[in-house]
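Spelled out from the first residue to the last, the chains are:
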There are 4 protein chains.
Amino acid sequence: MPGTVTVREVMEAHRTPSPLDRDLLERCITECSECAGTCTSCADASLAEPDILELVRCIRLCLDCGDMCIATGRILTRQTTPDPGVLRAAVEACATACRVSGDECERHAAHHEHCRLCAESCRRCEEACDALAAAIG
Amino acid sequence: MPGTVTVREVMEAHRTPSPLDRDLLERCITECSECAGTCTSCADASLAEPDILELVRCIRLCLDCGDMCIATGRILTRQTTPDPGVLRAAVEACATACRVSGDECERHAAHHEHCRLCAESCRRCEEACDALAAAIG
Amino acid sequence: MPGTVTVREVMEAHRTPSPLDRDLLERCITECSECAGTCTSCADASLAEPDILELVRCIRLCLDCGDMCIATGRILTRQTTPDPGVLRAAVEACATACRVSGDECERHAAHHEHCRLCAESCRRCEEACDALAAAIG
Amino acid sequence: MPGTVTVREVMEAHRTPSPLDRDLLERCITECSECAGTCTSCADASLAEPDILELVRCIRLCLDCGDMCIATGRILTRQTTPDPGVLRAAVEACATACRVSGDECERHAAHHEHCRLCAESCRRCEEACDALAAAIG
């Protein structure tokens, strides 16, 4: 996947790169981008299921999580004059959205492969946000 | 402005409206929408200023704040099976983004009317987020 | 609604305001912001309806329209070195999304007040986009 | 990059996958996601350059392109009851935004590595959008 490599490369070409641990930061940006995609896709796949009535909370929470992942990924990508408080607030809110969405998707993992995969993606993003939050201090 | 009236009307047509205080919720959604717009506009207006080098941090923080306001406004607009933890995390992150962006815009308020107005908008959104966070408990 | 008044005020404080007709531009930005909200709210209200299986296409199209309205509203709000081709492409895509979403909501207007209101909002946004596209030339 | 693999996997778990050519669709979604990231990063890196006054148009167009890529990537990711007219309008608008942003970044490629990389990313996304638009017919 050349895509994310390029995002990293563009970030590395920044005149004043972020002082945050590079691996933790890149991992979090990558996971936010992935989780935004899997949540959008899982909400959409759930819309097409015959048991949609069982999936309403899953759809709603995936929409929330997708929105928060987009915002957080963008905020983390910016390296010019970052504000640690804003970064921390964003990754903490994103970790919460991922945790709640992942919990709900997990409940449907046995019946819906898209929920199983989305739960995995939410967990990875939650962990990446938690790790970055700890690094921000 | 017929626009926001209609958003409120659509929300009132929801079969299971949010249990949150209606005025606090609507105010917060309105302020998130406004602040998303004023931050986008202030970042853009700052790009056109001759003293842009003084406004770099303002631009960056307004971009962050605009992104967080969009995500938070969408999450608050959804009333189906809301998760209080996700709502609280979002409004708290948004309040932080608004506070930091408002502080920076305030520093330029004497020289740039767009910063003065945007600082006001950030304050109103911050207060609306704080009030809603308190109501979520 | 003080909100959008402030967005307009911030835009008016821009050093080099857009050469586009101010009323058409402001109307389009206002309608994009409203339609983004009503589509988010209508998709969400539809999720809570017992006849959700009849509303799946409505939900999907409202999600699409909400995303396009957000992007278009932001692009229109920026007045620094605008590119007419990008502005035109955005408002044309937005008009299409609004038309299709409005048509679908219209089909459910008799049974769901949120669809009736959202259809109205989509129409207004479609018209505002068409009018602005014509002005861009 | 495990991320996009998972997005593809979630999309493949959809009960009624898109009738569009799978490779063209996945490529376009991947490129929209990447280009959204590179444009956010390039606009941010440009903010930190001493010759920022030369980069104002680049920043503005990258912000536009990033917004359009986010909206288009989300719309393309949804496979439930897609509307071909909306898909086509989105990818056409995205191709336009990528072309204009890529042209501007190209002008600064010799002096700024982030612009060179972002121009490449914009080109790839533009081509992916054009190819998908042709497939939609």
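## Side note on the nonpolar core
Counting residues in hydrophobic clusters, the biggest one holds 200 residues, and the most contacted among them are A:C69, B:C69, C:C69 and D:C69. If we skip the residues at most four places from it in the chain, D:C69 touches D:C32, D:C35, D:A36, D:C94, D:C98 and D:C125.

## Remarks on the interface of chain D and chain B
In this assembly, eight residues from chain D lie in contact with eight residues from chain B. Carbon and sulfur atoms make up 76% of the area that chain D and chain B hide from each other, which totals about 800 Å². For chain D, the biggest contributors to the area lost against chain B are D:L47, D:I52 and D:V56; these three give 49% of the whole. In terms of residue count, helix α3 (residues 56-77) of chain D provides more of the side of chain D that touches chain B than any other element does, five residues in total.

## Details of the interface of chain D and chain A
Residue-level contacts link 41 residues of chain D with 41 residues of chain A. Taken over both partners, the interface formed by chain D and chain A buries close to 3,300 Å², and the fraction arising from carbon and sulfur atoms is 65%. Here A:R15 ties to D:E49 by a salt bridge, and the two come within 2.8 Å at their closest N and O atoms. Applying the counting rule to chain D against chain A returns 19 residue pairs in polar contact (both at pLDDT 80 or more). Elements with a contribution of two residues or more to the side of chain D that touches chain A: α1 (2-12), α2 (22-47), α3 and α5 (113-136) of chain D. Looking at the side of chain D that touches chain A, the element that brings in the most residues is α2(D), giving 11 residues. When its residues are assigned to classes, the side of chain D that touches chain A shows 14 nonpolar, 17 polar and 10 charged.

## What to know about a negative patch on the surface
Taken together, A:E92, A:D130, B:E92 and B:D130 make up a surface patch of like negative charges. Summarising the element assignment, B:D130 is placed in helix α5 (residues 113-136).

## Quick word on the side chain of D:E26
All names here are of chain D. Turning to its location among the elements, E26 is positioned in helix α2. Judged by relative accessible area, which is 13%, E26 ranks as buried. Filtering out sequence-adjacent residues up to four positions away, E26 remains in contact with R8 and E12.

## Some points on the relation of the copies chain D and chain A
Expressed as a screw operation, the relation of chain D to chain A combines 0.0 Å of axial shift with a rotation of 180°, fitting to an RMSD of 0.0 Å. Look at the turn and shift together and you get a two-fold axis relating the two. Taken as a fraction of all interface residues of chain D, those also at the interface in chain A reach 100%, which identifies the copy contact as same-surface.

## Some thoughts on helix α4 (residues 84-107) of chain C
Compared with an ideal rise of 1.5 Å per residue, which puts 24 residues at 34 Å, α4(C) spans 35 Å between its outermost C-alpha atoms and is within 8% of the ideal. Regarding α4(C), its N-cap is C:D83, as a side-chain oxygen of that residue lies 3.0 Å from the backbone nitrogen of C:G85 further along.

## Section: the relation of the copies chain D and chain B
Each copy of the sequence occupies a distinct position, and chain D is placed on chain B by a rotation of 180° and an axial shift of 0.0 Å, giving an RMSD of 0.0 Å. Same-surface contact between copies: 100% of interface residues of chain D are shared with the interface of chain B.

## What to know about the environment of C:R124
Position of C:R124 among the secondary structure elements: in helix α5 (residues 113-136). With 26 residues separating them in the primary sequence, C:R124 and C:C98 have C-alpha atoms 8.8 Å apart.

## Focus on empty space enclosed by the protein
Picture a little ball the size of a water molecule; that probe, rolled over the atoms, points out where space is still empty. On inspection of all chains with the given rule, the structure shows 11 cavities of 30 Å³ or more. Lining the second largest cavity are 16 residues; nearest its centre among them are A:I70, B:I70, C:I70, C:R74 and D:I70. Where the lining of the second largest cavity is concerned, the elements lending two or more residues are α3 (56-77) of chain A, α3 (56-77) of chain B, α3 (56-77) of chain C together with α3 of chain D. A per-class count over the lining of the second largest cavity returns eight nonpolar, no polar and eight charged.

## Here we look at the confidence of the model for chain A
Atomic detail in the predicted coordinates should be set aside for any region of low pLDDT. When pLDDT is averaged across chain A, the result is 96; 97% of the residues are at 70 or more. Predicted complex metrics record ipTM = 0.96 and pTM = 0.97.

## Focus on the environment of C:D83
Among the structural elements, C:D83 can be located in the loop between α3 and α4. Sequence-wise, C:D83 and C:R60 are 23 residues apart; in three dimensions their C-alpha atoms are separated by 30 Å.

## Some details on α2(D)
Residue and element names in this part refer to chain D. For α2, built from 26 residues, the straight-helix expectation of 38 Å at 1.5 Å per residue is met to within 8% by its first-to-last C-alpha distance of 38 Å. Across the 26 residues of α2, 21 count as buried, placing the element largely inside the fold. Put simply, D21 is the residue that caps the front of α2, since its side-chain oxygen is 3.1 Å from the backbone nitrogen of D23.

## Quick look at the pattern of salt bridges
According to the stated counting rule, one finds 76 salt bridges over all chains in the structure shown. The closest approach of N and O atoms between D:R123 and D:D103, which form a salt bridge, is 2.7 Å. One end of the pair, D:R123, is in helix α5; the other, D:D103, is in helix α4 (residues 84-107), and 20 residues separate them in sequence. For D:R123, a relative accessible area of 24% puts it in the partly exposed group. Look at D:D103 and you get partly exposed, because its relative accessible area is 37%. The network of salt bridges with shared partners includes A:R60, A:D64, A:D67, B:R74, B:R78, C:R60, C:D64, C:D67, D:R74 and D:R78.

Calculation criteria
- Residues numbered from 1 in each chain as written.
- Chains lettered and ligands numbered in written order.
- Predicted model: local features only at pLDDT ≥ 70, side-chain atom pairs only at ≥ 80, totals over all residues.
- Heavy atoms only, no water.
- Core = buried A, V, L, I, M, F, W, Y, C linked by side-chain atoms within 4.5 Å.
- Buried < 20%, exposed > 50% of the residue type's maximum accessible area, 1.4 Å probe, protein only.
- Contact = heavy atoms within 4.5 Å.
- Buried area = accessible area lost by both parts, 1.4 Å probe.
- Helix = DSSP H or I, 4+ residues; strand = E, 2+ residues; numbered from the N terminus.
- Salt bridge = Lys/Arg side-chain N within 4 Å of Asp/Glu carboxyl O.
- Polar contact = N/O pair within 3.5 Å; in protein donor to acceptor, adjacent residues only side chain to side chain.
- Nonpolar A, V, L, I, M, F, W, Y, C, P; charged D, E, K, R; others polar.
- Patch = residues over 30% accessible without salt bridge, like charges linked within 9 Å, V, L, I, M, F, W, Y side chains within 5 Å.
- Areas by Shrake-Rupley, 256 points an atom, 1.4 Å probe, with all protein chains shown as cover.
- Lys, Arg positive; Asp, Glu negative; His and termini not counted.
- Charge placed at Lys NZ, Arg CZ, Asp CG, Glu CD.
- Least-squares fit on C-alpha atoms with pLDDT ≥ 70 in both.
- Expected span 1.5 Å × (residues − 1).
- 1 Å grid on protein atoms, 1.4 Å probe; cavity = no way out; pocket = protein on both sides within 12 Å on 5 of 7 lines; lining within 4 Å.
- Points joined across faces, edges and corners; volume = space filled by probe spheres on them.
- pLDDT = per-residue confidence, 0-100.

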